[in-house]
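The residues making up each chain are set out below.
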Amino acid sequence: MNKDSSFSYIILFNMSPKNIFKNFICVTACVGSGMLVGWLCGSKPDIWYSSLNKSLLTPPSYIFPIVWTVLYALMGLVYARLWSEKDPYTKKFDLILFHQQWGLNLVWSFLFFKLHRPDEAFWDLIFLIVLNIKILWRWKKKPLFFGLWLPYVVWLCFALYLNGVICLENDL
């Protein structure tokens, strides 16, 4: 069995105490920073958001924190693995890309929920998706990274659709 291409082996069975701790720290950092931004922006939809015309495909509000928690946890697992990269150039470049996309991800909540600027949040999502497609392209030969990252990129595309409908259907 090729250890590098088996998700279950790498995530579940190749866990030294050091790797368990690193995964815990990185997942906690990603989930925690996402929760912090959610809290700073107002963790519950406000009157403004409730008054917006939205897509019929918009999930109920309770779905968003569940999905984002799972996505941030997957992101944290990738983050932990990035720190273990052997090639210093690859490690540095991938960490730079990770932090750039993470910043754009967190800024979206401020633009949309705090500043009530779905138009600017829409552009943030476009840049975020383009950057994450670049990340996926870099990881096309790293099935673990690619597989853990793909659900996030798919959700970003869905978020772009939802954000776009709000921009088009509301007089903002």
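The structure we're discussing is the one just above.
A quick note: this is a predicted structure, and the numbers were derived from the prediction, not measured. (Residues numbered from 1 in each chain as written. Predicted model: local features only at pLDDT ≥ 70, side-chain atom pairs only at ≥ 80, totals over all residues. Heavy atoms only, no water.)

*Asks:* Help me get a handle on the overall build of the protein, residues and values and all.
*Replies:* A count of helical and extended segments in the protein gives seven helices and zero strands. Shown N-terminal to C-terminal, the secondary structure of the protein runs as helices and strands in the order α-α-α-α-α-α-α. In the protein, which comprises 172 residues, the proportion classed as buried is 39%. A separation threshold of at least 6 residues defines the contact pool for the protein, and within that pool the share at least 24 residues apart is 76%. For the protein, the accessible surface area stands at approximately 10200 Å², while carbon and sulfur atoms represent 70% of it. (Helix = DSSP H or I, 4+ residues; strand = E, 2+ residues; numbered from the N terminus. Buried < 20%, exposed > 50% of the residue type's maximum accessible area, 1.4 Å probe, protein only. Contact = heavy atoms within 4.5 Å. Areas by Shrake-Rupley, 256 points an atom, 1.4 Å probe, with all protein chains shown as cover.)

*Asks:* Go over the pattern of salt bridges, please, and point to the residues and values.
*Replies:* Evaluated as defined, the whole model comprises five salt bridges. For D94, the salt bridge identified is with K142, shortest N-O distance 3.7 Å. Residue D94 is located in helix 5 (residues 88-114), and its partner K142 is located in the loop between helix 6 (118-138) and helix 7 (143-169); the two are separated by 48 residues in the primary sequence. We classify D94 as buried; its relative accessible area is 2%. Classification of K142 by relative accessible area gives partly exposed; the value is 25%. Here R117 makes a salt bridge to D119, at a shortest N to O gap of 2.6 Å. Judged by its relative accessible area of 34%, D119 is partly exposed. (Salt bridge = Lys/Arg side-chain N within 4 Å of Asp/Glu carboxyl O.)

*Asks:* Explain helix 2 (residues 17-41) residue by residue, including any values.
*Replies:* If you check helix 2, its first and last C-alpha atoms are 36 Å apart, about what 25 residues at 1.5 Å a residue would give, namely 36 Å. Where helix 2 is concerned, the buried positions are N19, K22, N23, C26, C30, V31, G34, V37 and C41. Those residues of helix 2 that are buried lie in contact with helix 4 (63-83) and helix 5. Once helix 2 ends, the next one or two residues include G42, with phi positive near 95°. (Expected span 1.5 Å × (residues − 1).)

*Asks:* Mind laying out a nonpolar patch on the surface, listing which residues take part and the relevant values?
*Replies:* On the surface, F21, F24 and I25 cluster together into a nonpolar patch covering about 330 Å² of accessible area. Inspection of the secondary structure puts I25 in helix 2. Classification of I25 as partly exposed rests on a relative accessible area of 40%. (Patch = residues over 30% accessible without salt bridge, like charges linked within 9 Å, V, L, I, M, F, W, Y side chains within 5 Å.)

*Asks:* Summarise the packing of helix 6 against helix 7; cite the residues concerned and give the values.
*Replies:* Look at helix 6 against helix 7: their axes get within 9 Å of each other, and the N-to-C directions meet at 155°. As far as their axial angle goes, helix 7 and helix 6 are roughly antiparallel. Helix 6 and helix 7 meet at a crossing whose hand is left-handed. Here the residues of the contact of helix 6 with helix 7 sort into 21 nonpolar, three polar and one charged. (Axes fitted to C-alpha atoms, helices over the stretch in contact; angles between N-to-C directions. Parallel < 35°, antiparallel > 145°, perpendicular 65-115°, else oblique. Left-handed = near helix turned anticlockwise from the far one by under 90°. Nonpolar A, V, L, I, M, F, W, Y, C, P; charged D, E, K, R; others polar.)

*Asks:* I'd love a proper account of the side chain of S109, names of residues and values included.
*Replies:* Examined against the element boundaries, S109 turns out to sit in helix 5. Given the relative accessible area of 15%, S109 is considered buried. In contact with S109, other than residues within four places in its own chain, are V37, C41 and K114.

*Asks:* I'd love a proper account of the packing of aromatic side chains, names of residues and values included.
*Replies:* All told, the structure shown has 21 aromatic pairs when counted by the stated rule. Residues F158 and Y161 carry aromatic rings whose centres are separated by 6.3 Å and whose planes lie at 25° to one another, so their mutual orientation is stacked. Of this pair, F158 and Y161 both sit in helix 7, three residues apart, which is roughly one turn of the helix. Overall, F158 belongs to the partly exposed group, its relative accessible area being 24%. Counting every residue linked through ring pairs, the aromatic cluster contains W68, Y72, Y79, W83, F98, W102, W139, F145, W149 and Y152. The ring of Y49 carries K54 above its face, with NZ or CZ at 4.6 Å from the centroid. The cationic tip of K140 hangs over the ring face of W137; the distance from NZ or CZ to the ring centre is 3.8 Å. (Phe/Tyr/Trp six-rings, centres within 6.5 Å; stacked < 30°, edge-to-face > 60°. Lys NZ or Arg CZ within 6 Å of the ring centre and 35° of its normal.)

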